[in-house]
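# Working through the structure, step by step
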Amino acid sequence: MKILQLGRYPPPYGGITVHIQRLTDLCRQEGIECHVLDLYRREKPADSFPPFVHHFPSNEVQELFDLWRMLRQQEFDVVHVHTSTMGRLVWMVPLLEHLLRSSGKVLTIHHGDFVGAYQRRRPIQKLLIRRAIRMFDAIVLPTVELRDAISAEFRHIARRLEVISSFIQSEDLDLAPAFEPFDEFAKRISSDSGLRGTVLISGFGFRYYGFDLLAEALEILSLRGLDFGVIINFYGSGDVEYKRRLADRMRESRPTLVLEDLAPSDFLYVLRNSDLYVRPTYVDSCGVTVYEAMMLGVQTIASDVCTRPEGVLCHQTGDASSLAEQIVQAVNLGLSQAGVSTMGNHGGGAGLINLYRSL
């Protein structure tokens, strides 16, 4: 079997890019030939990427010809397209329709607000998105909530909808042996008797990840004499001014460490050694880091905006007081004592491989 994935391959590191990397690794472990066509122009030298990763060319004619030849000469059994809100991809659909030859086409929608973003688009963009959806044999949604939203909005487009987690479980997680900025910060927190531990939050630098909600919840808890050090990990693009204001707000009231664009091994080290991981998102499509935190045995709190794995403490979406109460609950249960060392069969890797084979 030969698979072609369309999406972004790391670096840069982020939710979808790491998912594509892990899914590619899983395919190759299963004896499936897997190529990736990165829809963004290459930012690093070609030899820094594996040979099965292909990029949209720059202005060099030879690169364009090589890409065209690869797409035309290789026949793929399945083409798997990954998208967030189908922004730039929507203009490529007619081209991809003619270039890609395969017996099966799969689309994964990774953004929990896909329908909302669709409803805000111009009529011509909506038309192209509906045309794109008709092109695929199966559409993968990471949560039941997103599946139901897609079903309601595109009810006249009969397509196979599959709910499969974006979390690709690995038996051998690559954790860095140390990460000095975090180690120094954690040592500082542990030596301060007035602090109860470290709280980690991560995501793109946008409001819907709930950074401000965490700041508000921590301010509520400070009035009750419960204080924490905070680690903020930003990745990928974001609102630069929003990130600056958030960091300033956090630093004014508590010890704060701001990190950006960590490699997965460094981030997993930070996650494993934090006392509490919080994901207070207003929209969500899965929350892969929630699954990673649970797998690593880290106490985890997340909004109830979508289905969460068993063991996660859920707060009411958008409610800072509810989030504060769940932080108190986490303290009462014992920080860093989630008691979950494996996510069992929660990973979506097997489901995706089975989907490929069914097509």
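Being a predicted model, the structure only gives us computed values, none of them experimental. (Residues numbered from 1 in each chain as written. Predicted model: local features only at pLDDT ≥ 70, side-chain atom pairs only at ≥ 80, totals over all residues. Heavy atoms only, no water.)

### Brief notes about the overall build of the protein chain
Going by this rule: A helix here means a DSSP run of H or I that spans at least four residues, while a strand means a run of E at least two residues long, and both kinds are numbered starting from the N terminus. Buried, partly exposed and exposed residues are distinguished by accessible area as a fraction of the type maximum, computed with a 1.4 Å probe on protein chains only: under 20%, between the cut-offs, and over 50%, respectively. Residues are treated as being in contact if the distance between any of their heavy atoms lies within 4.5 Å. Each accessible area is a Shrake-Rupley estimate made with a 1.4 Å probe; only the visible protein chains count as cover when residues are assessed.
In terms of helices and strands, the protein chain carries 13 helices and 13 strands. In the protein chain, which comprises 359 residues, the proportion classed as buried is 53%. Within the protein chain, contacts between residues at least 6 apart in sequence are counted, and of these 73% link residues at least 24 apart. Only carbon and sulfur atoms are counted for the fraction: they give 47% of the accessible area of the protein chain, which is about 16100 Å².

### Let's talk about the environment of C306
The residue C306 is located in the loop between strand 12 (299-303) and strand 13 (313-315) in this model. Among the residues examined, C306 registers a relative accessible area of 5% and is labelled buried. When the C-alpha atoms of C306 and L146 are compared, they prove to be 8.3 Å apart, with 160 residues separating the residues in sequence. Those residues within four positions of C306 in sequence are excluded, and the remaining contacts are T143, E145 and D284.

### Looking at the pattern of salt bridges
Our working rule: Any Lys or Arg side-chain nitrogen located within 4 Å of an Asp or Glu carboxyl oxygen qualifies as a salt bridge.
As enumerated under the stated definition, the model contains 15 salt bridges in all. Between R22 and E292 there is a salt bridge, and its shortest N-O distance comes to 2.5 Å. Taken together, the residues R22 in helix 1 (residues 15-29) and E292 in helix 11 (residues 288-295) connect sequence positions 270 residues apart. Under the relative-accessibility criterion, R22 is labelled buried at 18%.

### What about the pairing of strand 6 (residues 138-141)?
The condition is simple: Between any two strands, at least two bridges found by DSSP are needed for them to pair.
Along strand 6, one buried face is formed by A138 and V140 and the opposite face, lined by I139 and L141, is buried too. Here strand 6 pairs with strand 7 (residues 160-163) via four bridges, running parallel. Residue pairing in the sheet places A138 in a bridge with R160 of strand 7.

### Details of the sheet that holds strand 13
To be explicit about the condition: Axes here refer to lines fitted to C-alpha atoms; in helices the fit is confined to the stretch in contact. Angles between the N-to-C directions go from 0 to 180 degrees.
Pairing is parallel across the open sheet formed by six strands, whose spatial order is 10-9-8-11-12-13. Since the sheet does not close on itself, it has two edges, and those belong to strand 10 (256-260) and strand 13, each with one partner. Each neighbouring strand pair of the sheet contributes to a mean axis angle of 20°, computed without reference to strand direction. The pairing of strand 8 (residues 198-205) with strand 11 (residues 276-279) spans two bridges and is classified as parallel. Opposite V199, over in strand 11, you have L276 as the bridge partner. Seen against the sheet, helix 12 (residues 320-333) touches strand 11, strand 12 and strand 13 and runs at an angle of roughly 160° to strand 13.

### Considering the nonpolar core
The condition is simple: We call a set of buried residues a nonpolar core when its members are Ala, Val, Leu, Ile, Met, Phe, Trp, Tyr or Cys and they connect through side-chain atoms within 4.5 Å of each other.
L214, F228 and I327 are the most contacted members of the largest nonpolar core, which has 31 residues in total. Looking at this core, the elements that each hand over two or more residues are strand 8, helix 8 (211-222), strand 9 (229-238), helix 9 (240-253), strand 11 and helix 12. Not counting residues within four places of it along the chain, the set of residues in contact with F228 comprises L195, R196, G197, V199, L218, L221, R254, P255, I327, V331 and L335.

### Regarding the packing of aromatic side chains
We apply this condition: Between 30 and 60 degrees the pair is tilted, below 30 it is stacked and above 60 it is edge-to-face, where a pair is any two Phe, Tyr or Trp rings, Trp via its six-membered ring, whose centres lie within 6.5 Å. Definition used: whenever NZ (Lys) or CZ (Arg) falls within 6 Å of the ring centre and also within 35 degrees of the ring normal, the charge is taken to sit over that ring.
Tallied over the full model, the rule gives 12 aromatic pairs. With a centroid separation of 6.3 Å and an interplanar angle of 85°, the aromatic rings of Y9 and F52 are classed as edge-to-face. Taken together, the positions of Y9 in the loop between strand 1 (2-7) and helix 1 and F52 in the loop between strand 2 (33-41) and strand 3 (53-56) put the pair 43 residues apart, joining distant regions of the chain. With respect to class, Y9 is no different from F52; both count as buried. For the ring pair Y209 and F211, a centre distance of 6.3 Å and an interplane angle of 35° mean the geometry is tilted. Each member of the pair, Y209 as well as F211, is classed as buried. Members of the aromatic cluster, connected to one another through ring pairs, are F204, F206, Y208, Y209, F211, F234, Y235 and Y242. One residue, K126, lies across the ring of Y118, its end atom 5.7 Å from the ring centre.

### Considerations on the side chain of H80
The line we're drawing: Two N or O atoms form a polar contact when they lie within 3.5 Å of each other; inside protein one atom must be a possible hydrogen donor and the other a possible acceptor, and for residues adjacent in sequence the pair counts only when both atoms belong to side chains.
One can find H80 in strand 4 (residues 76-83). In this structure the side chain of H80 is engaged in a polar contact, spanning 2.7 Å, whose partner is the side chain of T108. Side chain to side chain, H80 and Y356 meet in a polar contact 2.6 Å long.

### Some points on the packing of helix 10 (residues 264-273) against helix 11
Packed helix pairs are specified by the crossing angle of their axes together with the interaxial distance, meaning the distance between the axes. In plain terms, the rule: The scheme is simple: roughly parallel for angles under 35 degrees, roughly antiparallel for over 145, roughly perpendicular for 65 to 115, oblique for anything else. In this scheme the crossing of two helices becomes right-handed for a clockwise turn of the near helix relative to the far one and left-handed for an anticlockwise turn of less than a right angle.
The N-to-C vectors of helix 10 and helix 11 enclose an angle of 60°; their axes lie 9 Å apart at closest approach. The angle between helix 10 and helix 11 places the two elements in the oblique class. Note on packing geometry: the crossing formed by helix 10 with helix 11 is right-handed. Of the residues in helix 11, those in contact with F267, L268 and L271 of helix 10 are T289, E292 and A293.

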